[in-house]
Amino acid sequence: MLNRNENKQMKIFFGTLDELMPKEHFLRDLDNIVDFNFIYNKVETLYSNTGRPSIDPVMLIKMLLLGYLYEIESERKLEQEVRVNIAYRWFLGIELDESVPDHSTISQLRCRKFSGTTVFQDIFDEIVRKCLAAGIVTGKLLLTDYTHIKANAKSNLREVIEVPDTPSEYMQKLDREAYETGLIKDPAVYPERTKSVIKSTTDPESGLLNRPGKPNAFCYLNHQTCDSENGIITDVFVTPGNTNDSTPHTERIENQIDKFRFNTEAICADGGYDSCEIYDAMFKKGIKTFIPRRSKPVSNANYENNFRGYRFVYNAHKNVYICPNGKELRYSTFNKNDRTKRYRAKKSDCQNCPFKNQCIGKSNN
């Protein structure tokens, strides 16, 4: 029989918000696992001891967390969702008859009170420490990758500026080591040079991303490291879109090891992080690297049959490389252009070597 739900009248409801909150809900689990009261100590110095009582800072930060968890990018939309969502109200401790903080309050919190502070980083780090204490983060194997975030900036609103063009700190370190060990006679001198860079006039802090398969637009790069044990993110670092993947990697790994006392055994990343700087830094720390080599165009059709560099074993005591045929390659010269040492074998060792074609190719016979 057809039934019409008509003439409904408003009635008084006696109950609690907890009764309306589903018993099985992610926010219940989150609230049971994490005690967010530690935030009070993190923000206490930012508030005055006099004046009107503030809106609970823990509530405001938990609202921002809801926006992240449920992909609510607009603070105005976040306010609206909290107003009508019982689960959100329960998580924030806002009763049904209480008003929700205005979206402008959240904006002022980010842009004024917390701007220039490390509050959000401190909160993030504290959560990682709680995960360490719970045994769901170990830090033994750290995985790193980036994702691009398009800036809110039109690509045609740009200008070309000149910036200093100097070698990276890693390259300068190699030059200093080469001089100190006698590989080069004089200290490296860097002439004053500049290079042209395209800059957004709308968002100058962004960078033009120009990579295959990526949008040619002003972007940011969100570099994230996660622990392999349970996929928990342990570090987030944002750079302009024109930053090389490998540039911040070593510093961020070292930062996590120092901060969380990780006993890191290995790191893993994709080919974009194939960098001598990373290999050198991780090797000196005794950390294994699992990074694929970048693919490069090869003119030799028989390249797949040729030896790779890893087939040559380095003997640090004698400062020589041992080839697959057991012969020694001794230090020859230092290349100033790419700052690399070159090792050569004796011509007599290579003349009748059974691996000659695989090593130097038929064209060099």
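Let me sum up the structure you'll find in this document. Owing to the predicted nature of the structure, the values given are computational and were not obtained by experimental measurement.

Now for the sheet that holds strand β11 (residues 328-335). Strand order in this open sheet of four strands is β9-β10-β11-β12, and the pairing throughout is antiparallel. The open sheet is flanked by β9 (313-315) and β12 (340-345), the only strands paired with a single partner. For this sheet the average axis-to-axis angle between neighbouring strands, irrespective of direction, equals 40°. Direction of pairing for strand β10 (residues 320-322) relative to β11: antiparallel, over a ladder of three bridges. Its bridge partner lying in β11, Val320 is registered against Arg330.

The next thing to look at is the environment of Leu209. Residue placement: Leu209 occurs in strand β4 (residues 207-209). Its relative accessible area of 0% is what places Leu209 among the buried residues. Dropping the residues within four chain positions of it, Leu209 is found in contact with His148, Lys214, Pro215, Asn216, Ala217, Cys219, Leu221 and Gly241.

The volume enclosed by the second largest pocket comes to roughly 2,200 Å³. In terms of lining residues, the second largest pocket is bounded by 45 residues, among which Leu64, Leu65, Tyr68, Phe124 and Val236 are the most central. Mapped by element, the contributors of at least two residues to the lining of the second largest pocket are α2 (26-33), α4 (57-69), α5 (75-84), α7 (103-113), α8 (119-134), β5 (217-227) and β6 (233-240). Examining the composition of the lining of the second largest pocket, we find that nine residues originate from one element, α8, more than from any other. Looking at the lining of the second largest pocket residue by residue, the class counts come to 30 nonpolar, eight polar and seven charged.

Quick notes on the rules
- Residues numbered from 1 in each chain as written.
- Predicted model: local features only at pLDDT ≥ 70, side-chain atom pairs only at ≥ 80, totals over all residues.
- Heavy atoms only, no water.
- Pairing = 2+ DSSP bridges.
- Helix = DSSP H or I, 4+ residues; strand = E, 2+ residues; numbered from the N terminus.
- Axes fitted to C-alpha atoms, helices over the stretch in contact; angles between N-to-C directions.
- Buried < 20%, exposed > 50% of the residue type's maximum accessible area, 1.4 Å probe, protein only.
- Contact = heavy atoms within 4.5 Å.
- 1 Å grid on protein atoms, 1.4 Å probe; cavity = no way out; pocket = protein on both sides within 12 Å on 5 of 7 lines; lining within 4 Å.
- Points joined across faces, edges and corners; volume = space filled by probe spheres on them.
- Nonpolar A, V, L, I, M, F, W, Y, C, P; charged D, E, K, R; others polar.

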